[in-house]
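Below, each chain spelled out in residue letters.
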Amino acid sequence: MSARVTKTTPHYLMLLPFMFLFVVFFLYPIVSGFVYSFFDWAGTQPTTFVAFENYAKVLGSRNFKKAATNLLLYVSITVPLGLTIAFCLALLVDSFSGFWAKFFRSAFFMPVVMPLFLAATIWRWIYAPNFGLLNTILGWFGVSSVQFLNDVDTMLYCLIAVDIWVSAGFNMVIILAGLKNVPKHYYEAARLDGASKLQQIFYVTIPSIRPVLFFVITYGLISALQVFDVPWLLTGSSFAEYGGRANTLLFPVMDIMGRGFGAIRFGQAAAYGFMLTLVIIAVTAVMFALRKKVGGA
């Protein structure tokens, strides 16, 4: 027994730095945040136990209802549209070889590695009302200037366009890796049976890369539910004022930041955060249940 302990002790010691960082920077914040969600805490004042009052205040607020509505619409459009575009880009890149395959793969992936503040700056210039690229092009066709980031009818769709532009390259690379693993003789057999290109995609490609699509969809849903940085930057938000005109680009994580660091209501922010966490866990559980039901994914 002592020999066994002596042999394995160095391995456990090597894990200690990770375990220490995991407990201090991950586990402890989660536990303490859950505890503070039941307290009225302003950071500098003594805490007061309020039970579920923070949860009730968050659920009853107008900001919560607006953020939830925005998030539902945003997720319902961004995830399927982004997946479709990424899938089409992957098929396009996969159709090339050599230099052009590398060129298009790098070009489509470039927005992923671009700093988000730079991406937001570029798109704010594109959407600018007077001298922006998009309004300049519309002006050539006699269309008057559009306030893209200040019009409640266009703001959400402008955000979706930016988000897909930023994230499509990552999903494209993942899907492309899956396409490379599809056996070529599957397509040869499909062609011999008279299958068209579109039929090959639906009956050969998609079933063959189902595990990859499951990962991309699940990751996309989790990321979309936590949307924060792009709308925050596009609207020039601060802790005191965020969400854009009429809170059109208000989302839960933005509201959490505003309640915590703007209104100094850390208890409500913690409660809000845990409710969002439960939603993400529920969505993930549903995805895995569907995967198990469909089978072979």
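Computed from a predicted model, the values in this text were never measured in an experiment.

1. With respect to the overall build of the protein
In step 1: Tallying secondary structure elements over the protein gives 13 helices and two strands in all.
In step 2: In summary, the protein has a C-alpha radius of gyration of 24 Å against a globular reference of 19 Å for 297 residues, an excess of more than 25%.
In step 3: Dimensions of the protein, computed from C-alpha atoms along their principal axes, come out at roughly 80 × 75 × 35 Å.
In step 4: Partitioning the intrachain contacts of the protein with sequence separation of at least 6 by distance along the chain shows that 63% fall at a separation of at least 24.

2. With respect to the side chain of Asn54
In step 1: Its place among the elements puts Asn54 in helix α2 (residues 53-60).
In step 2: Here Ser37 takes part through its backbone oxygen, which lies 3.0 Å from a polar atom of the side chain of Asn54.
In step 3: In this structure, Asn54 is in contact with Tyr36, Ser37, Phe38, Phe39, Asp40, Gly267, Gln268 and Ala271, ignoring residues within four places of it in sequence.

3. Observations regarding the nonpolar core
In step 1: Grouped together as the largest cluster of nonpolar side chains are 64 residues, with contacts concentrated most on Tyr74, Val75, Leu159, Ile175, Ile209 and Phe251.
In step 2: Excluding residues within four positions of it along the chain, Ile175 makes contact with Leu83, Ala86, Phe87, Ala90, Ile209, Val212, Leu213 and Val216.

4. Let's talk about the confidence of the model for the protein
In step 1: For the protein, mean pLDDT is 89; residues scoring 70 or higher make up 97% of the total.
In step 2: Across the protein, the element-wise mean pLDDT spans from 83 in helix α1 (residues 2-36) up to 94 in helix α3 (residues 62-94).

5. Here's the deal with the pattern of salt bridges
In step 1: Evaluation of the coordinates by the stated rule reveals three salt bridges.
In step 2: As a salt-bridge pair, Lys57 and Glu53 come within 3.0 Å of each other at their nearest N and O atoms. A residue pair is termed a helical-turn pair when its members lie 3 or 4 positions apart in one helix, as Lys57 and Glu53 do in helix α2 at four residues.

6. Quick notes on the packing of aromatic side chains
In step 1: Within the structure shown, the criterion is met by 30 aromatic pairs.
In step 2: Note on Trp41 and Phe266: the rings are 5.3 Å apart at their centroids and 45 degrees apart in plane angle, and the pair reads as tilted. Taken as a pair, Trp41 in the loop between β1 (39-40) and β2 (48-49) and Phe266 in helix α13 (residues 266-294) lie far apart in primary sequence, 225 residues in all.
In step 3: On the numbers, 5.6 Å between centres and 40 degrees between planes, the contact of Tyr127 with Phe148 is tilted. You can see Tyr127 sitting in the loop between α5 (116-126) and α6 (133-140) and its partner Phe148 sitting in the loop between α6 and α7 (155-180), a full 21 residues away along the chain.
In step 4: Tyr127 gets classed as buried once you look at its relative accessible area, which sits at 5%.
In step 5: By way of ring pairs, the aromatic residues Tyr36, Trp41, Phe228, Trp232, Phe239, Tyr242, Phe261 and Phe266 are connected into one cluster.

How each quantity is defined
- Residues numbered from 1 in each chain as written.
- Predicted model: local features only at pLDDT ≥ 70, side-chain atom pairs only at ≥ 80, totals over all residues.
- Heavy atoms only, no water.
- Helix = DSSP H or I, 4+ residues; strand = E, 2+ residues; numbered from the N terminus.
- Rg over C-alpha atoms; globule rule 2.2 N^0.38 Å.
- Contact = heavy atoms within 4.5 Å.
- Polar contact = N/O pair within 3.5 Å; in protein donor to acceptor, adjacent residues only side chain to side chain.
- Core = buried A, V, L, I, M, F, W, Y, C linked by side-chain atoms within 4.5 Å.
- Buried < 20%, exposed > 50% of the residue type's maximum accessible area, 1.4 Å probe, protein only.
- pLDDT = per-residue confidence, 0-100.
- Salt bridge = Lys/Arg side-chain N within 4 Å of Asp/Glu carboxyl O.
- Phe/Tyr/Trp six-rings, centres within 6.5 Å; stacked < 30°, edge-to-face > 60°.

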